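Structure assessment
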Amino acid sequence: MLSTLKDALVTPLAMTTLLFFGALLLAEAAVRVIRVPRIAALVLAGMLIGWLRNDNPAAALMPLPSVLLEALSMVLLFEVGQRVPLGWIRRNPWLLAASVGETALTFGAIFAVLAYGFAIPTIECAFIGVICMGASPIVVMSVSKELRSRGQVSERALLFSTLSSVYAVLAMQILITAYLAASQVQLSDALQPLIQLLGSFLLGVIAAGALRLYAFTTRASGPVLTIGIICCCVLLYAYALPLGLSPLLSALFFGLVVRGTDRTHGLLSHQTSETGVVISLAYFIVLGASLAWLDSWMVAAMAAAVVAARALAKVAANALLAVPSALSPLKGAMVGVALTPLSSLAVLTAGLATQPGLKHAAEIGAAVVLITAILGPVLTEVALRWAGEPTTRREP
């Protein structure tokens, strides 16, 4: 009788709902009681779910497919693409130079620490450096939205994080192509990463065209336009995988193309605030639950060294390159601090664990993701508050 009742009550749907509800409760309690930044609290609560799924048979009933994290990331990356002011680069070309410079210096710092500090093989240093040189536009955007930040630091942090993610993905695809070619893999397989990159861009362009046609023919606005955008994102996901393309890259290119081609700002006026908040909450909880726990002190030490070198490089580079791009060195340093969150885009598109001889590099990269997932949102919020850009106060 008791076992039958347990089977009726402990179901995958019930456990998923209870764990998400408990994670939200713990996260909000941490925000209000000990004033932890909300995003960091959500990630920590998600990590607790991940720990319970490993140690508790009932919690293990909660399904956690990687497709869920990718689907949530797609919608957020589309919003990131919409918010990036690409026209700003045309008016101030030094922004592009500063973005390339800080990303390159970050790669060099990470490479040097691993190669000379831990004697990691050169090819692994290169892969880890590429993975870790990009910042997370999703975290920067989410923190800025929560604080309602307005100003140079928040805008540059979003622009630089998006550009560095694109650099990281492009460099990763080229690096994997070269690695597979050197491993005497068939030419068609070696060129697959570059084909994926170009195909994802083309798919994003097609989605942007479809959205513009939908908006033109229906004159949609508000919720009707939002539904059209969500349908385009779902179709991107439905078609990208069978074609061997990246849904995440397609969504980012989708948003960037919409932003760059929407002269009248008709497609940018849709109201997705409530939807975006719900998706953001779910994304950070699922992200935390998906993170792999550290099981090696040596890997933890290397990851900590990478995080420190990465943060110092970004702060130094942005402070040095601030003046030519019309910003004070102090605010430039704040931009570098705000770029602490690590972009998971290169990690999700690389698939290092499946590449021969790169499992150790994948472990170090995953450890860096774990550390920055906790510290990154905190430091981004600190940087924006120090810059005096939030327009809303933390709730008591």
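Up top you'll find the structure we're talking about.
Right, let's walk through the structure included here.

Moving on, we come to the packing of aromatic side chains. For the coordinates displayed, the defined rule picks out 3 aromatic pairs. The interplanar angle of 40 degrees and the centroid separation of 6.0 Å between the aromatic rings of Phe107 and Phe111 together place this pair among those described as tilted. Residue Phe107 and its partner Phe111 are both found in helix H6 (residues 94-117); the two are separated by 4 residues, about one turn of the helix.

A few words now on the packing of helix H2 (residues 12-33) against helix H3 (residues 38-55). Packing of H2 against H3 leaves a shortest axis separation of 8 Å and a crossing angle of 140 degrees. In this view, H2 runs oblique relative to H3, as classed from their interaxial angle. The handedness of the crossing between H2 and H3 is right-handed. Together, Leu19, Phe20, Ala23, Leu24, Leu26, Ala27, Glu28, Ala30 and Val31 of H2 and Arg38, Ala41, Leu42, Ala45, Leu48, Ile49 and Leu52 of H3 make up the contact between the two elements. Split into classes, the residues belonging to the contact of H2 with H3 amount to 14 nonpolar, no polar and 2 charged.

The subject of this paragraph is unusual backbone geometry. One non-glycine residue, Arg35, lies in positive phi territory at about 60 degrees. One can find Arg35 in the loop between H2 and H3. Phi is positive for Ala119, close to 55 degrees, though the residue is something other than glycine. Residue placement: Ala119 occurs in the loop between H6 and helix H7 (122-132). For Ala119, a relative accessible area of 64% puts it in the exposed group.

Moving on, we get to the side chain of Thr340. On the secondary structure map, Thr340 appears in the loop between helix H16 (329-338) and helix H17 (345-350). Of note is the side chain of Thr340, whose polar atom sits 2.6 Å from the backbone oxygen of Val337. In this view, Thr340 contacts Arg310, Thr372, Gly376 and Leu379; residues no more than four positions away in its chain are not counted.

Criteria and cut-off values
- Residues numbered from 1 in each chain as written.
- Predicted model: local features only at pLDDT ≥ 70, side-chain atom pairs only at ≥ 80, totals over all residues.
- Heavy atoms only, no water.
- Phe/Tyr/Trp six-rings, centres within 6.5 Å; stacked < 30°, edge-to-face > 60°.
- Helix = DSSP H or I, 4+ residues; strand = E, 2+ residues; numbered from the N terminus.
- Axes fitted to C-alpha atoms, helices over the stretch in contact; angles between N-to-C directions.
- Parallel < 35°, antiparallel > 145°, perpendicular 65-115°, else oblique.
- Left-handed = near helix turned anticlockwise from the far one by under 90°.
- Contact = heavy atoms within 4.5 Å.
- Nonpolar A, V, L, I, M, F, W, Y, C, P; charged D, E, K, R; others polar.
- Buried < 20%, exposed > 50% of the residue type's maximum accessible area, 1.4 Å probe, protein only.
- Polar contact = N/O pair within 3.5 Å; in protein donor to acceptor, adjacent residues only side chain to side chain.

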